[in-house]
Amino acid sequence: DTEVTQTPKHLVMGMTNKKSLKCEQHMGHRAMYWYKQKAKKPPELMFVYSYEKLSINESVPSRFSPECPNSSLLNLHLHALQPEDSALYLCASSRQGDNEKLFFGSGTQLSVL
Amino acid sequence: AQSVTQLDSQVPVFEEAPVELRCNYSSSVSVYLFWYVQYPNQGLQLLLKYLSGSTLVKGINGFEAEFNKSQTSFHLRKPSVHISDTAEYFCAVSAAPSGNTPLVFGKGTRLSVIA
């Protein structure tokens, strides 16, 4: 199994809603990542978890709250988002933070109304 | 720190013609280099990567790239494109070894293959 699975594939939410994005991998990878990608732009790194601990937070607003409950799962909790937060949210994983073997999920397309 | 420049934001090309997508990088240390492809509403798929050894790297879907250290380039080529190659292509760089340093992406090149 060499997949990173993200759910849901699409999400529409209002600015007062609370929702969560989920990411799962069963490759035994110990590093997991959240990226945000706006249309026609490259992915921007948001968070990195290494061995279930947050190792990088790229100054992301607190309305985005990551969680890594175990080595296979990564969540992104969303609350009080703004319309400009609408984007494709990509999850990725690697063995131990090594970019040589970085696997991306298909993403969650988020629309904030 | 590393940086990547993709010189062309859009490249239109006729079907079965050759294509080159250009990528230049900047780094004060040794690097790993990557090309990713992204189809509409999809994640990123690794096309090929240069880690060490031979400077000519072959990837999936008939693509290849050549690492040129003196010109700090890693251009992507395909001798004959298909309609299905229409997608966004991202060049990326990381320090070597990567040691938990994140990938740095270029701004992307939109390849449009015309029938």
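Summarised in this report is the structure supplied together with it. (Residues numbered from 1 in each chain as written. Chains lettered and ligands numbered in written order. Predicted model: local features only at pLDDT ≥ 70, side-chain atom pairs only at ≥ 80, totals over all residues. Heavy atoms only, no water.)

1. Description of the overall build of chain A
Within chain A, the secondary structure is distributed over zero helices and eleven strands. The order of α-helices and β-strands along chain A, N terminus first, is β-β-β-β-β-β-β-β-β-β-β. Referenced to the eigenvectors of the C-alpha coordinate spread, the extents of chain A come out at roughly 35 × 25 × 20 Å. Considering chain A as a whole, with its 113 residues, one finds that 50% of them fall into the buried category. Long-range pairs, those at least 24 residues apart, make up 55% of the contacts in chain A with a sequence separation of at least 6. For chain A, the accessible surface area stands at approximately 5500 Å², while carbon and sulfur atoms represent 49% of it. Computing the positive centroid from 13 side-chain charges and the negative centroid from 11, chain A places the two 5 Å apart. (Helix = DSSP H or I, 4+ residues; strand = E, 2+ residues; numbered from the N terminus. Buried < 20%, exposed > 50% of the residue type's maximum accessible area, 1.4 Å probe, protein only. Contact = heavy atoms within 4.5 Å. Areas by Shrake-Rupley, 256 points an atom, 1.4 Å probe, with all protein chains shown as cover. Lys, Arg positive; Asp, Glu negative; His and termini not counted. Charge placed at Lys NZ, Arg CZ, Asp CG, Glu CD.)

2. A word on the interface of chain A and chain B
Every contact between the two is made by 20 residues of chain A and, on the other side, 20 residues of chain B. Summing the contributions of chain A and of chain B, the shared interface buries around 1600 Å²; its carbon and sulfur component is 55%. Considering only the side of chain A, the residues that lose the most area to chain B are Asn99, Glu100 and Phe104 of chain A, jointly responsible for 37% of the buried surface there. The interface formed by chain A and chain B holds zero salt bridges in total. Taken together, the connections running from chain A to chain B amount to two residue pairs in polar contact (both at pLDDT 80 or more). Those elements that place two or more of their residues in the side of chain A that touches chain B are β4 (31–37), β9 (87–94) and β10 (102–104) of chain A. For the side of chain A that touches chain B, the class distribution of residues is nine nonpolar, seven polar and four charged. (Buried area = accessible area lost by both parts, 1.4 Å probe. Salt bridge = Lys/Arg side-chain N within 4 Å of Asp/Glu carboxyl O. Polar contact = N/O pair within 3.5 Å; in protein donor to acceptor, adjacent residues only side chain to side chain. Nonpolar A, V, L, I, M, F, W, Y, C, P; charged D, E, K, R; others polar.)

3. Observations concerning the nonpolar core
Of all hydrophobic cores here, the largest spans 27 residues; its most connected members are Leu33, Trp35, Leu47, Leu48, Phe74, Leu76 and Tyr89 of chain B. Put simply, the parts of the chain that give this core at least two residues each are β2 (10–14), β3 (19–21), β5 (31–38), β6 (45–50), β8 (64–68), β9 (73–78), β10 (87–95) and β12 (109–114) of chain B. Those residues in contact with leucine 33 of chain B that sit more than four places away from it in its chain are Tyr25, Leu48, Lys49, Tyr50, Phe67, Phe74, Ala92 and Val93 of chain B. Core analysis: the second largest hydrophobic core is formed by 23 residues, Trp34, Met46, Leu81 and Val112 of chain A among them. (Core = buried A, V, L, I, M, F, W, Y, C linked by side-chain atoms within 4.5 Å.)

4. Concerning the environment of glutamate 15 of chain B
Residues and elements named next belong to chain B. Among the structural elements, glutamate 15 can be located in the loop between β2 and β3. A sequence separation of 68 residues divides glutamate 15 from isoleucine 83, and the C-alpha atoms of the two residues are 6.3 Å apart. Once residues within four sequence positions are removed from consideration, glutamate 15 is found in contact with Val81, His82, Ile83, Val113, Ile114 and Ala115.

5. Describing the sheet that holds strand β8 (residues 73–79) of chain A
Residue and element names in this part refer to chain A. Taken together, four strands build an open sheet; the order of strands is β1-β3-β8-β7 and the sheet is antiparallel. Strands at the two margins of the open sheet, each flanked by one partner only, are β1 (4–7) and β7 (64–70). Across the sheet, the mean angle separating the axes of adjacent strands is 20° when strand polarity is ignored. Where β1 and strand β3 (residues 18–25) come together, four bridges link them in antiparallel fashion. In the sheet register, threonine 7 faces β3, and the bridge partner there is lysine 22. (Pairing = 2+ DSSP bridges. Axes fitted to C-alpha atoms, helices over the stretch in contact; angles between N-to-C directions.)

6. Let's talk about the packing of aromatic side chains
Inspection of the entire model under this criterion finds twelve aromatic pairs over all chains. Ring plane angle 85° and centroid distance 6.1 Å describe the contact between tyrosine 35 of chain A and phenylalanine 105 of chain B, whose orientation is recorded as edge-to-face. With tyrosine 35 of chain A in strand β4 and phenylalanine 105 of chain B in strand β11 (residues 104–105), this pair bridges two chains. Judged by relative accessible area, which is 11%, phenylalanine 105 of chain B ranks as buried. Measuring from centroid to centroid gives 5.9 Å for tyrosine 36 of chain B and phenylalanine 105 of chain B, while their planes differ by 55°, and the two rings are tilted. Of this pair, tyrosine 36 of chain B sits in strand β5 while phenylalanine 105 of chain B is found in strand β11, placing the two residues 69 residues apart along the sequence. (Phe/Tyr/Trp six-rings, centres within 6.5 Å; stacked < 30°, edge-to-face > 60°.)

Read these as geometric descriptors, not functional statements.
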